[in-house]
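# Structural characterization, general
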Amino acid sequence: MASLITCPHCGVRPKEEFTIRGDASLVRPAPTASDEAWHDYVYVRANPRGRTLEHWQHVAGCRRFLVVERDTFTHEVHSVTDGAAFATENGR
Amino acid sequence: MRYSAFSIVKNALSGNLKWKPQWRQAEPKSHYDVIIVGGGGHGLATAYYLAKEFGIKNVAVLEKGYLGSGNVGRNTTIVRSNYMLPGNEPFYEFSMKLWEGLERELNYNVMLSQRGVIMLYHSDGQRDAYIRRGNAMWMEGVAAELIERDQLRKMIPFLNYDHARYPILGGLLQRRAGTARHDAVAWGYARGADRYGVDIIEHCEVTAIRRENGVVTGVETTRGFIGCNKLALAAAGNTSRVGEMADLKLPIESHVLQAFVTEALKPCIDHVIVYGGGHFYISQSDKGGLVFGAEIDGYTSYAQRGNLATAEHVMEEGVTMIPGLSRVRVLRSWAGVMDMSMDGSPIIDRTPIDNLYLNCGWCYGGFKATPASGYCFAHLIAKNDTHPVARALRLDRFARGYAVDEAGAGPQPNLH
Amino acid sequence: MIRDHYNRHALDEKLRGAPRPPGANHLAIGHRQAMAMVLATAGEEDAVERLLSSVTEFAVRFSAPGEWLVISENDTPEGLQRCLDALCSGRAHILDQSEARVLFRLSGPSTRRILAKGIGLDLHPIAFAAGASANALCGHIAVNLVRTGEDVFELLAPRSFAESLFDDLMTMGREYDLTAAFAA
Amino acid sequence: MTAYRLTAGGLVDRSRSLSFSFDGRPLRGFAGDTLASALLANDQLLVGRSFKYHRPRGIVSASASEPNALVTIGSGARSDPNTKATVAELYAGLTARSQNRWPSLGFDIGAMSDLFSPFLGAGFYYKTFMWPAQFWEKLYEPLIRRAAGLGRAVLERDPEIYEKSWAHCDLLVVGGGPTGLMAALTAARAGLRVILADEDFRLGGSLLSETQAINGAPAYVFADRVVAELQALPNVTLLPRTTVFGWYDDNVFGAVERVQKHAAEPLAKLPAERVWRIVARRALLATGAEERPLVFGGNDRPGVMMAGALRTYANRYGVAAGRSVAIFTNGSAGYQAARDLHAKGIAIAAIVDSRAAAEDAAPEGTRVIRSASVVDTRGRRRVSGLVVERSGFEELVACDAVGMSGGWSPVIHLACQRGAKPVWSDQLSAFVAPDVGGGLRIAGSAGGIYTLAGCISDGAAKASAITSDLGFKPAQDVLPQTGEEADPSFTALWYVPGAKAKAFVDFQNDVHAKDLGLALREGFGHVEHAKRYTTSGMATDQGKLSNINAVGILAGMRGVSPADVGVTTFRPFYTPVSFGALAGTARDKHAQPVRKSPLHEWARKHGATFVEAGQWYRSAWFPRAGEKTWRESVDREVLNVRANVGICDVSTLGKIELFGPDAAEFLNRLYCNALLKLPVGKARYGLMLREDGFVYDDGTASRLAEEHFLVTTTTAMAGGVMSHMEYCSQVLWPELKVRFCSVSDQWAQIAIAGPKARGVLQQLVEDDISDAAFPFLAAGTVTLKGGLKARLFRISFSGELAFELAVPAGFGVAVADQLMDVGRAFDICAYGVEALNVLRLEKGLPTHAEFDGRVTPDDAGLGRMVSAHKTDFIGKHLSSRYGLTAADRMQLVGLKSVDREKDIRAGAHLLREGMKPSSLNDQGWVSSACFSPVLGHHIALAFLKSGRERYGERIVVWDKLRDQEVIAEVCDPVFVDPENARMKA
Ligand SMILES: Cc1cc2nc3c(=O)[nH]c(=O)nc-3n(C[C@H](O)[C@H](O)[C@H](O)COP(=O)(O)OP(=O)(O)OC[C@H]3O[C@@H](n4cnc5c(N)ncnc54)[C@H](O)[C@@H]3O)c2cc1C
Ligand SMILES: NC(=O)c1ccc[n+]([C@@H]2O[C@H](COP(=O)([O-])OP(=O)(O)OC[C@H]3O[C@@H](n4cnc5c(N)ncnc54)[C@H](O)[C@@H]3O)[C@@H](O)[C@H]2O)c1
Ligand SMILES: Cc1cc2nc3c(=O)[nH]c(=O)nc-3n(C[C@H](O)[C@H](O)[C@H](O)COP(=O)(O)O)c2cc1C
Ligand SMILES: [Zn+2]
């Protein structure tokens, strides 16, 4: 992972073409949600050792936000999906 | 065994056969007053100050690897107290003062070298930001100097004054800042704590935290269960994993930072120089290697290794700041896993669980904090009360809206 | 579009002076094409793609899902805009980019080796065949890349980066005596 | 004379003699030599001094593992310190100098430290030099620093160029010995895209030193044939002189090619070195095995070398390291070396074998001393004899060179760079690579196969397997034939007992066996601790020869197996790589791309001084004849804008165009102020927050049509805001029907500001732009005379009547020229970002100096912009936290020095009069300051605790850094035209 990402739209690309936004498993709370929900959304991270979902933007390519499922210890990438498709599928 | 020139001569004459281990290989006892998770600089310093300053000596430090295998043994050794925000500056200056007496206090030469840290600026805006910072330092009585270009040129002639992409206009200098020998800090504190009876238990990984009626009673480890009255976490880089064992939700991401060393060279770089046109920083170790680094790799990771793209970028910044580095060869690169907090500042605090204490979020700046962090954490554990210089570093600051955001980058750890 | 003293090219300064004869490896700088960005509206991506590929007056470059760069060597920016508006008829938003990008056409036997010095994409014909296009990084600059022939590639770069990219390409081509001039 | 060039043989080109020099001494060698082989041929055995004790040191190896023979090659700005003579290819005119000695290599004052070595054991410095405190920086540290370090870096600008390249392949073969060559050939014949990299300048690896025949011909001929076939294949890239230095995630390899390091006359168009980033579907490690030194007393004496190196010097370079060579071995390799040397006419003084019995054949008439140890060596600057001990008896064996052979270690460095730990093999008595997954396979001696035939077939077999794995059809080839050979064997010997002198483990860092003992005694017995405490394995060779012996010795002392000790972590770089190569072309002005505005040439024509703003160059001010300081120019520009009119290039602002039925809703959620009902044809100032409630960026939003918007961002945040918008639209609200695209590069944008702005502009614009027709904050399309369509916005960052005119980028210069032309009658001037800054400061408008990431809209005095009615926008919820709304927050205020002559400067802090400076008493800070030519004195914007309640208060502006203290009056931040009358005129 740390070297290459396979963008579903552009193919295999070097890491330099991407920027990382962070945890992709977080769901933005409703505006009326509790302070705690908002605090957790903005400040708390599961930060697992192992599989994680992360947003990588293909800034120098298609500029899409991708959801990269990868292992934070082995750096193996399990899947890469389009961020919008992921969000829609997960009912956001 | 006290160290001195005399002891060196005496031992040398008897074939150096009589030196003793610098700390005991302790066997875990069944129960301690305080267990500290993490045998890095902070955990060891905490144990040392707990015993020395607060009289709590029935303490164990549990380290999953060999002592010092974490970030204390892989950082670029810069110590400084040139912070801008009022929540940080008093704390780091407290640390700096402790550094200044540390070697005699520990009877261990940690090679604190106050050679000066200079941070270069490249634009008027950056200069103003450094002036703001310099004045914030002076607010705490910490000397800072603004070095203008001409003076800088005399001081450090080999910088890229004439062809840099971003002109070098000057720098902010803290003369008292510098470097300290990373490993020696861990070893010195370990030896110091050991002398007060602290058990340092290496190769002992904490795998679970046992709680009874909501109160921590001890830890499961790879060497069995060990009970305690108070549990203190100082597991830099692995904080989230250890915290999870007590269901703590933390404002932490683990990120990798790489560092590099060149082949050994005769003395050529006399200061710690920080490039403001990027994140590059460099100093020369006493062995002659140029030790340097720059920004983090940017993604969360628990692997202590970095990627080539970042490494190449670091070199680009290096030759841009010092063109003469071009032919110097880089010997080794390595990486450390750090816990990046959401505002780039550390956390020393109690947790929602009464006898569980937290020390984390040191990002890439916690080496310099080692003495103060240990001291303040020990203070907190012993007295259940935050040390005055660490008041801004509490865990609830995010909820209350008091982030200590030195970079002004907001809650995105890879931007700090 | 006709360039004249009234319309400056981003590389006017770089390419000032008498043109040198092109070498075997040559960088031609486009200066009269019209370009537009086509953004398909939601749900119309496939339809727009079909429409775009049904026309031969202009070239279509993939930029992102639902986004294409369209280049015409003959039309004016206004003409291209009209043509695309008519073609897509509400299925897409059309933005004139004629002034926003500079076209670099690299040709010659060493083009792949030259580009490999800046572009991480595998440019072997089995991986990137003639006609393929993509946004990619060249050195530190994001470009749109297309292979228009076995040894011919075009790069579209943002206008503000054009001088930098030009310098970079000339450095990359130094080993192969790369020459440069405005396209005929 | 002891070392000398053999009269015949070797792969050097005896017809091409090359002159070079060492420490000023002119010498000659042949094409095909390394510096080391040429030095040996000239009997120059002593080449350097060790790190700590400055002991005389000679060449030890013939490879990249060399710890001792480090020299500085070249001179002046082209000096390469710490270069290994053993891999430096000889060229005509090469100049080499020895290092770490003073005044000369032969006589070195530093060698005195050897006398004190008992006091300088491992880690001695941790125990002393602590008193008095201030002596460390002044006395002790400089001494230690000077004593340490090897070569000298000149830190001058490097005249050479470097570059990088990407490469993609099906199979990368690392190492071009028999294994690698066979593997590459097998895969290439099957049609795979193959890259073969070897750090040597000639492909063939150990075949170049081999005396065995392959297919009836000398081994090197076989190598040449394979290379010739590979070279002819279009699907093969051969990379000699290329070291693969790192294995990274996703099977990406870093490699460095020394393109011209060996060239006597380098070509200007080629780089000195080139870094390759190789993306390999599969890779094969065929890096061979390393021979181990033996740890015996006096083993660092010049002339004590690796047995295999002696063999290589004799066979490949036609050089004898001595006339009478003793061999000290624990296995068959020592005998092989002896046989080869003997065959070349070099006398073998004796073979000292640590084993009791062995089947290996010694050359005719050679004395073999079995069950024996070497306990010391004789000689000063080169070895003259060995003290051999056997059954309690010592004897002196005279010799002038020694070959030591301690067994073999597979070279598995690269395979273990990604976290996998090497595994101990009892059978091989070595650490081998674990299974590291399908991407990287290990073959030949790197995999513990030590026969030539075994290597050849293993290379072919592994390549065949990869070939089918990738879906190619492997060719069925007959393997080349080799002669009979026995698998080399040895009996591990970590430490030769009875040492009478220091027995070195790590030669370069002067770590000897006793240091490891000391480390263990002091509690540093873990292999990583031992490394750090003794520095074993930390030198420029990274312990390629020494690490395994250190492990063996620690294991012996701890009474455990080497498996229990383990090895230290392998890390990039396999061998050191220059900064220059890794940086490539991105340096100096090209360190980052430059962005230029479409009006850059226009500004240049008008004499602009440019300033870097992120990647952009922006015009800062436009000096005119007679103006001596920048302030004169800026003051003039400001006054002229306030009195007449000026134009300014604002093309660098980010511009994003949005379309779609939900575009308004989208923007409404993005900005904290209300945008939903923005009328068509209108622009509005907009403020974006981060989700944590602090200001992210400001700009304008204009509605060009019902479903069509244009937003601008600040120059600095253009990229960030674009990404942020993409995040919001793709990730947060994919259901919103909105499409957008950056149009920053399409438009040249010019601000026209000043009371006469309309007058000037109307000369160019066909449409009516009177206040009635085009009121404040109007936005729309206009037609310029001549027909060009342009966009016009009536927005102002100066407080004056102002417009921003956008035209397609290429027309920018022409339009700006026209404005200047028609503007002459209106006394127009060009102004830069400095004047822009003064103008906005006089008007109290915050910019990025104020928006430093810790500021809320209310802090900046923009609290009323935040919509209270919107249910949601980015940053809404967390804005209401206590800390963001507390009454004592710092708020934006204006400052005027009470003594109008005194200036206030940005970065100063604020204190109440009479209060002591301290973090607690800190009242705030000055964010921007300037001289206001309109007011005739300095003004500033500052953040002050509860500032808005404190207008009229006197405050100390405290700039200790520049030793300046000024009393200022706190005031409203708007210094000029608070009623906005001018702007709306
Ligand atoms: C490359 C790099 C460069 C840096 N440069 C600087 C610098 O120049 N200046 C500066 O001030 N700071 C620097 N830092 C940051 C600094 O090193 C760290 O902030 C600091 O060392 C962290 O505190 P520590 O020493 O206690 O951490 P560590 O040494 O990491 O200690 C934590 C310990 O906890 C142990 N542990 C974790 N989980 C468990 C468990 N479950 N059971 C038992 N033990 C466990 C770990 O093994 C580790 O030894 C740098 C960091 C890196 C990575
Ligand atoms: N006599 C003995 O006891 C003995 C012991 C072991 C091996 N051998 C012989 O050695 C030979 C081994 O053949 P092989 O092909 O496996 O290895 P080899 O030693 O012939 O070739 C290895 C090659 O890899 C290159 N290399 C190593 N690391 C590299 C890197 N990081 N980047 C680029 N190049 C790198 C080296 O320059 C070398 O040319 C066989 O002939 C075997 O019989 C003999
Ligand atoms: C300040 C400093 C200086 C170092 N100098 C050297 C050096 O001279 N030689 C060397 O091999 N490694 C050096 N290292 C790197 C260590 O060998 C090691 O890589 C690092 O401590 C991380 O440990 P690891 O690689 O075992 O994970 C240095 C490390 C630090 C922090
Ligand atoms: Zn993509």
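Described below are features of the structure shown in this document. (Residues numbered from 1 in each chain as written. Chains lettered and ligands numbered in written order. Predicted model: local features only at pLDDT ≥ 70, side-chain atom pairs only at ≥ 80, totals over all residues. Heavy atoms only, no water.)

Of regular secondary structure, chain D possesses 21 helices and 53 strands. Expected size for 985 residues packed as a compact globule is a radius of gyration near 30 Å; at 38 Å, chain D overshoots this value by more than 25%. Counting only C-alpha atoms and orienting by the principal axes, one finds that chain D spans roughly 115 × 75 × 55 Å. Burial status across chain D gives 65% buried among its 985 residues. Looking at chain D as shown, the accessible area adds up to about 33,500 Å², and 54% of this sits on carbon and sulfur atoms. Of the charged side chains in chain D, 111 are positive and 106 negative, and the gap between their average positions amounts to 2 Å. (Helix = DSSP H or I, 4+ residues; strand = E, 2+ residues; numbered from the N terminus. Rg over C-alpha atoms; globule rule 2.2 N^0.38 Å. Buried < 20%, exposed > 50% of the residue type's maximum accessible area, 1.4 Å probe, protein only. Areas by Shrake-Rupley, 256 points an atom, 1.4 Å probe, with all protein chains shown as cover. Lys, Arg positive; Asp, Glu negative; His and termini not counted. Charge placed at Lys NZ, Arg CZ, Asp CG, Glu CD.)

Listed per partner, the contact involves 25 residues of chain B and 26 residues of chain A. For the chain B and chain A pair, buried surface summed over both sides reaches about 2,100 Å², with 51% attributable to carbon and sulfur atoms. Remark: the boundary between chain B and chain A carries three salt bridges. Note that A:Glu36 is salt-bridged to B:Lys249, the shortest N-O span being 3.5 Å. (Contact = heavy atoms within 4.5 Å. Buried area = accessible area lost by both parts, 1.4 Å probe. Salt bridge = Lys/Arg side-chain N within 4 Å of Asp/Glu carboxyl O.)

Once that is clear, we can look at the interface of chain D and chain B. Chain D puts 116 residues into the contact, and the matching count from chain B is 116 residues. Between chain D and chain B, a total of about 10,100 Å² is buried, with carbon and sulfur atoms accounting for 56% of that surface. Summed over the shared surface of chain D and chain B, the result is eleven salt bridges. Joining chain D to chain B, the criterion identifies 72 residue pairs in polar contact (both at pLDDT 80 or more). The element best represented in the side of chain D that touches chain B is helix α2 (residues 135–147) of chain D, accounting for seven residues. As paired elements, strand β16 (residues 329–341) of chain B and strand β33 (residues 577–578) of chain D share two bridges and run antiparallel to each other. What sits directly across from B:Arg329, in β33(D), is D:Ser578. (Polar contact = N/O pair within 3.5 Å; in protein donor to acceptor, adjacent residues only side chain to side chain. Pairing = 2+ DSSP bridges.)

All right, on to the nonpolar core then. Counting 148 residues, the largest nonpolar core has B:Phe91, B:Tyr108 and D:Leu35 as its most contacted members. When near neighbours in sequence (up to four residues on either side) are disregarded, B:Tyr108 contacts B:Tyr3, B:Gln22, B:Glu103, B:Ala184, B:Trp187, B:Gly188, B:Arg191, D:Tyr126, D:Met130, D:Phe524 and D:Tyr533. Among the nonpolar cores identified, the runner-up in size contains 62 residues, and B:Ala60, B:Leu358, D:Met688 and D:Phe709 belong to it. (Core = buried A, V, L, I, M, F, W, Y, C linked by side-chain atoms within 4.5 Å.)

Neighbouring ligand 3 are 18 residues, the closest being B:Arg74, B:Arg332, D:Lys531, D:Gln542 and D:Arg571. With respect to ligand 3, the chains having nearby residues are chains B and D. Note that an oxygen atom of ligand 3 is positioned 2.7 Å from one of the side-chain N or O atoms of D:Lys531. Protein contact buries 97% of the 600 Å² of open area that ligand 3 shows by itself. For the shell around ligand 3, the elements supplying multiple residues, two or more each, are β16 of chain B together with α9 (527–534) of chain D. Looking at the shell around ligand 3 residue by residue, the class counts come to five nonpolar, six polar and seven charged. (Near = heavy atom within 4 Å. Nonpolar A, V, L, I, M, F, W, Y, C, P; charged D, E, K, R; others polar.)

Another point: the sheet that holds strand β46 (residues 802–808) of chain D. Picture the strands of a sheet paired through backbone hydrogen bonds; they go either parallel or antiparallel. Residue and element names in this part refer to chain D. Spatially, the six strands line up as an open sheet ordered β44-β45-β46-β43-β37-β47, and their pairing is mixed. Strands with a single pairing partner mark the edges of an open sheet, and in this sheet they are β44 (779–783) and β47 (828–830). Ignoring which end each strand starts from, the neighbouring axes of this sheet average 25° apart. Relative to β47, helix α14 (residues 630–643) is tilted by about 140°, and along the sheet it contacts β37 (645–649), β43 (747–753) and β47. (Axes fitted to C-alpha atoms, helices over the stretch in contact; angles between N-to-C directions.)

The next thing to look at is the coordination of the zinc ion (ligand 4). Around the zinc ion (ligand 4), the protein contributes the donor atoms A:Cys7 (SG), A:Cys10 (SG), A:His58 (ND1) and A:Cys62 (SG), at 2.0 to 2.4 Å from the metal centre. In this structure, the zinc ion (ligand 4) is surrounded by four donor atoms whose angles at the metal cover 104 to 116°, and the resulting shape is tetrahedral. (Donors = N, O, S within 2.8 Å, 3.2 Å for Na, K, Ca; no water. Tetrahedral: all angles 85-135°; square planar, octahedral: opposite > 155°, others 65-115°.)

The next subject is empty space enclosed by the protein. Applying the stated rule across the entire model yields 13 cavities of 30 Å³ or more. The computed volume of the largest cavity comes to approximately 490 Å³. Looking at the lining of the largest cavity, the elements with two or more residues in it are β27 (408–410), α9 and α10 (547–558) of chain D. When residues in the lining of the largest cavity are grouped by element, the largest group, five residues, is from α10(D). Residue composition of the lining of the largest cavity, grouped by class: 14 nonpolar, nine polar and six charged. Of the pockets and cavities examined, the second largest cavity occupies roughly 150 Å³. C:Arg8, C:His9, C:Ala10, C:Glu13, C:Arg159, C:Ser160, C:Glu163, D:Lys596, D:Ser597, D:Pro598, D:His600 and D:Glu601 together form the lining of the second largest cavity. In terms of residue class, the lining of the second largest cavity is made up of two nonpolar, four polar and six charged. (1 Å grid on protein atoms, 1.4 Å probe; cavity = no way out; pocket = protein on both sides within 12 Å on 5 of 7 lines; lining within 4 Å. Points joined across faces, edges and corners; volume = space filled by probe spheres on them.)

Moving on, we get to a nonpolar patch on the surface. Residue and element names in this part refer to chain D. Taken together, the side chains of Trp102, Phe107, Ile109, Met112, Leu115 and Phe116 make up a nonpolar region of the molecular surface, amounting to roughly 720 Å² of accessible area. Tracing the sequence through the fold places Phe107 in the loop between β8 (94–97) and α2. Exposure remark for Phe107: the relative accessible area of 52% places this residue in the exposed category. (Patch = residues over 30% accessible without salt bridge, like charges linked within 9 Å, V, L, I, M, F, W, Y side chains within 5 Å.)

Before going further, it helps to examine the side chain of B:Lys266. By the secondary structure assignment, B:Lys266 is in the loop between β12 (252–262) and β13 (272–274). Buried within the structure, B:Lys266 lacks any salt-bridge partner; D:Asp108 is the closest side chain of opposite charge, at an N-O distance of 8.3 Å. For B:Lys266, the side chain forms a polar contact with the side chain of D:Asn100, separated by 2.7 Å. Separated by 3.1 Å, the side chain of B:Lys266 and the backbone oxygen of D:Gly149 make a polar contact.

What follows deals with the packing of aromatic side chains. Summed over the entire model, instances satisfying the criterion amount to 51 aromatic pairs over all chains. Relative to B:Tyr189, the ring of B:Tyr48 has its centre 5.6 Å away and its plane inclined at 65°; by these criteria the two rings are edge-to-face. Taken together, the residues B:Tyr48 in helix α2 (residues 41–54) and B:Tyr189 in helix α6 (residues 182–195) connect sequence positions 141 residues apart. Both residues of the pair, B:Tyr48 and B:Tyr189, count as buried. Its end group placed over the ring of A:Phe73, A:Arg49 keeps NZ or CZ at 3.8 Å from the ring centre. Over the ring of B:Tyr3 we find B:Arg191; its NZ or CZ atom is 3.6 Å from the centre of that ring. (Phe/Tyr/Trp six-rings, centres within 6.5 Å; stacked < 30°, edge-to-face > 60°. Lys NZ or Arg CZ within 6 Å of the ring centre and 35° of its normal.)

Nothing here speaks to function; it is all geometry.
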